Amino acid sequence: QVQLVESGGGLVQAGDSLRLSCAASGRTFSTYAMGWFRQAPGKERTFLAVISQSGGNTVYADSVKGRFTISRDNAKNTVYLQMNSLKPEDTAVYYCAGAPGTFTFWSRTYYAQDKGYDCWGQGTQVTVSS
């Protein structure tokens, strides 16, 4: 496991862009697949995107496909979420999470669900005004 700290959230207007960062402590970051989730007030936490250990493969939720991009820099122990064309509906607390990138993990049952991850950050608030 690794400690994760998100940053980059804030208040923006609809149509703006924002880049979130998730910094990991420890020396095992490159062995983890990393995901981004979000939770809006009164709603369940939902999957946004996941990236493989090497960064070569990514999967996105339909709600953000084409607008959000997940990436990672293993040399910096950091995963990013570039968010473009933000909408008020994107307002939520955004979380990064990590999981060992095993064969079993790469099933929607795990990579797109909270249960698939064993390390979570504390979250960063993103508020998009109309």
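As a starting point, this report considers the structure included with it. Keep in mind that what you see is a predicted model, and the values were worked out from it rather than measured.

Moving on to the overall build of the protein. Looking only at helices and strands, the protein features one helix and eleven strands. Along the protein, helices (α) and strands (β) appear in the sequence β-β-β-β-β-β-β-β-β-α-β-β when read from the amino end. Its C-alpha atoms give the protein a radius of gyration of 14 Å, within 12% of the compact-globule value 14 Å for 130 residues. Taken over the C-alpha atoms alone, the protein extends approximately 40 × 30 × 25 Å along its principal axes.

So, on to the packing of aromatic side chains. Evaluation of the coordinates by the stated rule reveals eight aromatic pairs. Measuring from centroid to centroid gives 5.2 Å for Phe-37 and Tyr-117, while their planes differ by 85 degrees, and the two rings are edge-to-face. Pair noted here: Phe-37 is in strand β4 (residues 32-39) and Tyr-117 is in the loop between α1 (108-111) and β10 (119-120), with a separation of 80 residues, a long-range link. Tyr-117 shares its class with Phe-37; the two are buried. Taken together, a centroid distance of 5.1 Å and an interplanar angle of 85 degrees make the contact between Phe-105 and Trp-106 edge-to-face. Look at Phe-105 and you get buried, because its relative accessible area is 4%. An aromatic cluster is built from Phe-37, Phe-47, Phe-105, Trp-106, Tyr-111, Tyr-117 and Trp-120, whose rings are joined through pairwise contacts. The ring of Tyr-80 carries Arg-19 above its face, with NZ or CZ at 3.9 Å from the centroid.

A few words on the environment of Ile-51. You can see Ile-51 is positioned in strand β5 (residues 46-51). Residue class for Ile-51 comes out buried when judged on its relative accessible area of 2%. Note: C-alpha distance between Ile-51 and Thr-31 (20 residues apart in sequence) is 12 Å.

As for its placement among the helices and strands, Thr-102 is situated in the loop between β9 (92-100) and α1. The class of Thr-102 is partly exposed, set by a relative accessible area of 40%.

Tracing the backbone through its elements, the reader meets Arg-67 in the loop between β6 (58-60) and β7 (68-73). A distance of 3.0 Å separates the side chain of Arg-67 from the backbone oxygen of Ser-85, its partner in a polar contact. Arg-67 has contacts with Gln-82, Met-83, Asn-84, Ser-85, Leu-86, Lys-87 and Asp-90, leaving out every residue within four places of it along the chain.

What follows covers the nonpolar core. Counting 39 residues, the largest nonpolar core has Trp-36, Val-79, Leu-81, Met-83, Tyr-94 and Tyr-117 as the members making the most contacts within it. For this core, the secondary-structure elements that each account for two or more residues are β3 (18-24), β4, β5, β7, β8 (78-83), β9 and β11 (124-129). Leave out the neighbours within four places in its chain, and Met-83 touches Asp-16, Ser-17, Leu-18, Leu-20, Arg-67, Phe-68, Tyr-94 and Val-126.

Here the structure, examined in full by the defined rule, presents one disulfide. Disulfide pairing places Cys-22 opposite Cys-96 at an S-S distance of 1.9 Å. Looking down the S-S bond of the Cys-22 and Cys-96 bridge, the torsion is 50 degrees, so its handedness is right-handed. In this pair, Cys-22 sits in strand β3 while Cys-96 sits in strand β9, placing the two residues 74 residues apart along the sequence. The exposure classification of Cys-22 matches that of Cys-96, with both residues buried.

The rules behind each value
Sequence order sets the numbering: in each chain, residues are counted from 1 along the sequence as written. At least 70 in pLDDT is required for a residue's local features to be given in this predicted model, at least 80 for side-chain atom pairs to be given and counted, and no such filter applies to totals for whole chains, interfaces and linings, which use all residues. The basis for every side-chain value is the complete set of heavy atoms in the structure, and neither hydrogens nor water enter the calculation. Put simply, DSSP marks the helices as runs of H or I at least four residues long and the strands as runs of E at least two long, and each gets a number from the N terminus on. A radius of gyration in this sense is built from C-alpha atoms; the matching globule rule multiplies 2.2 Å by the number of residues raised to 0.38. Here a pair means two rings of Phe, Tyr or Trp (six-membered ring of Trp) with centres within 6.5 Å. Their orientation is stacked below 30 degrees between planes, edge-to-face above 60, and tilted elsewhere. We call a residue buried when its accessible area falls under 20% of the maximum for its residue type, exposed when it is over 50%, and partly exposed in between, using a 1.4 Å probe and counting protein chains only. Note on geometry: a ring has a charge over it if NZ (lysine) or CZ (arginine) is within 6 Å of the ring centre and within 35 degrees of the ring normal. We call two N or O atoms a polar contact when they sit within 3.5 Å, provided that within protein one can donate a hydrogen and the other can accept it, with sequence-adjacent residues counted only if both atoms are side-chain atoms. Residue contacts are counted whenever heavy atoms from the two residues lie within 4.5 Å of one another. Definition of nonpolar core: a set of buried residues of the types Ala, Val, Leu, Ile, Met, Phe, Trp, Tyr and Cys, connected through side-chain atoms within 4.5 Å. Working definition: a disulfide is two cysteine sulfur atoms within 2.5 Å of each other.

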